[in-house]
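Notes for the structure review
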Amino acid sequence: MTHPYMNNMKFLILVLLSLMSSSLMAQNHWKLVYENDADGNSVVGNLEKLITMIRSGEEVRLGWRIQRAKDPSWKIEHFAEAKFITIMNDGTVQAQIDPIIGQTPDLDELQIVFKENLEWSMIASTNGKTDRMMRNPVTGEITGHQIRQGGIKWFVRK
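The following refers to the structure shown. (Residues numbered from 1 in each chain as written. Predicted model: local features only at pLDDT ≥ 70, side-chain atom pairs only at ≥ 80, totals over all residues. Heavy atoms only, no water.)

Helix and strand content of the protein: two helices and ten strands. Along the chain direction, N to C, the helices and strands of the protein fall in the order α-β-β-α-β-β-β-β-β-β-β-β. Relative to its 158 residues, the protein shows a buried fraction of 25%. Put simply, 47% of the contacts in the protein that link residues at least 6 apart link residues at least 24 apart. When the accessible surface of the protein is summed, it comes to about 11000 Å², and 55% of that surface belongs to carbon and sulfur atoms. (Helix = DSSP H or I, 4+ residues; strand = E, 2+ residues; numbered from the N terminus. Buried < 20%, exposed > 50% of the residue type's maximum accessible area, 1.4 Å probe, protein only. Contact = heavy atoms within 4.5 Å. Areas by Shrake-Rupley, 256 points an atom, 1.4 Å probe, with all protein chains shown as cover.)

A separate point is the pairing of strand β8 (residues 129–135). Taken together, the five bridges between strand β7 (residues 111–125) and β8 define a ladder with antiparallel strand orientation. Bridge pairing in β8 places S121 opposite M133. Where β7 folds back on β8, the antiparallel hairpin that results is connected by three residues, among which G128 adopts a positive phi of roughly 90 degrees. Where β8 lies against strand β9 (residues 142–149), seven bridges are found, and the strand directions are antiparallel. The residue of β9 that forms the bridge with D131 is I147. Counting the residues in the hairpin turn of β8 and β9 gives six residues, including G140, whose phi is positive at 85 degrees. (Pairing = 2+ DSSP bridges.)

Here we come to the packing of aromatic side chains. Summed over the entire model, instances satisfying the criterion amount to two aromatic pairs. Arranged with centres 6.2 Å apart and planes meeting at 25 degrees, the rings of W64 and W120 form a pair that is stacked. Of the two residues, W64 is situated in strand β3 (residues 60–67) and W120 in strand β7; the sequence distance between them amounts to 56 residues. Grouping residues by exposure puts W64 and W120 together as buried. A cation sits over an aromatic face here: R68 above W74, 4.0 Å from the ring centre. (Phe/Tyr/Trp six-rings, centres within 6.5 Å; stacked < 30°, edge-to-face > 60°. Lys NZ or Arg CZ within 6 Å of the ring centre and 35° of its normal.)

A few words now on helix α2 (residues 47–55). All of the buried residues in α2 are L47, L50, I51, M53 and I54. The buried residues of α2 occupy an angular sector of 160 degrees when projected down its axis, which confines them to one face. Facing away from the buried side of α2, by more than 90 degrees, are the exposed residues E48, T52 and R55. Those residues of α2 that are buried lie in contact with β1 (30–36), β2 (42–45), β3, β4 (75–88), β5 (92–97) and β10 (152–157). The distance from a side-chain oxygen at the start of α2 to the backbone nitrogen of E48 is 2.8 Å, and the residue carrying that oxygen is N46. Of the residues one or two after α2, G57 is the one with positive phi, at around 95 degrees. (Arc of directions from axis to C-beta. Polar contact = N/O pair within 3.5 Å; in protein donor to acceptor, adjacent residues only side chain to side chain.)

On to the pattern of salt bridges, then. What the rule picks out here adds up to four salt bridges. Where D90 meets R55, a salt bridge forms, and the shortest distance between an N and an O atom there is 2.8 Å. Placement of the pair is D90 in the loop between β4 and β5 and R55 in helix α2, with a sequence separation of 35 residues. R135 is the salt-bridge partner of E119, the closest N and O atoms lying 2.9 Å from each other. Note that E119 is positioned in strand β7 and R135 in strand β8, a separation of 16 residues in sequence. Assessed through its relative accessible area of 27%, R135 is described here as partly exposed. (Salt bridge = Lys/Arg side-chain N within 4 Å of Asp/Glu carboxyl O.)

Within the chain, D90 stands out as a residue other than glycine whose phi angle is a positive 60 degrees. The class for D90 is exposed, based on a relative accessible area of 59%. With a phi close to 55 degrees, L110 is a non-glycine residue in the positive phi region. By relative accessible area, which is 71% here, L110 ends up exposed.

All quantities given are derived from atomic positions and should not be read as evidence of function.
Below you can see the structure in the form of structure tokens.
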């Protein structure tokens, strides 16, 4: 039979561990540092601050939105960690994401369906130009490649 003091001590240790874990996780969030519009204009934040944070080794996450002009209720937001970042001429940031399995959103059914044999990737830029490429991972064939204008949100892990 365990002593009641030991049960209280175990409870106290669990509570302390839980609080410490919550505190650590709360410090591990993403903060919007910069946002550019589709033309590369600053919407939020400071580009120099983003560049300084990248140079100091901060992790970056990208966010972008797709919305149909003819039907503004049709909109999707995506977020992905930057895996390879380039700073060009001290003033333009390019960030590539890991390829993902292609997908097709169905907003009527509120679900997303995988596209078989399709991989998608993107390089986002603070100048508003995003390079998007699709390929068949089985054959290696490029099935789509285009540069589009798009606004990007740049988050840094804090």
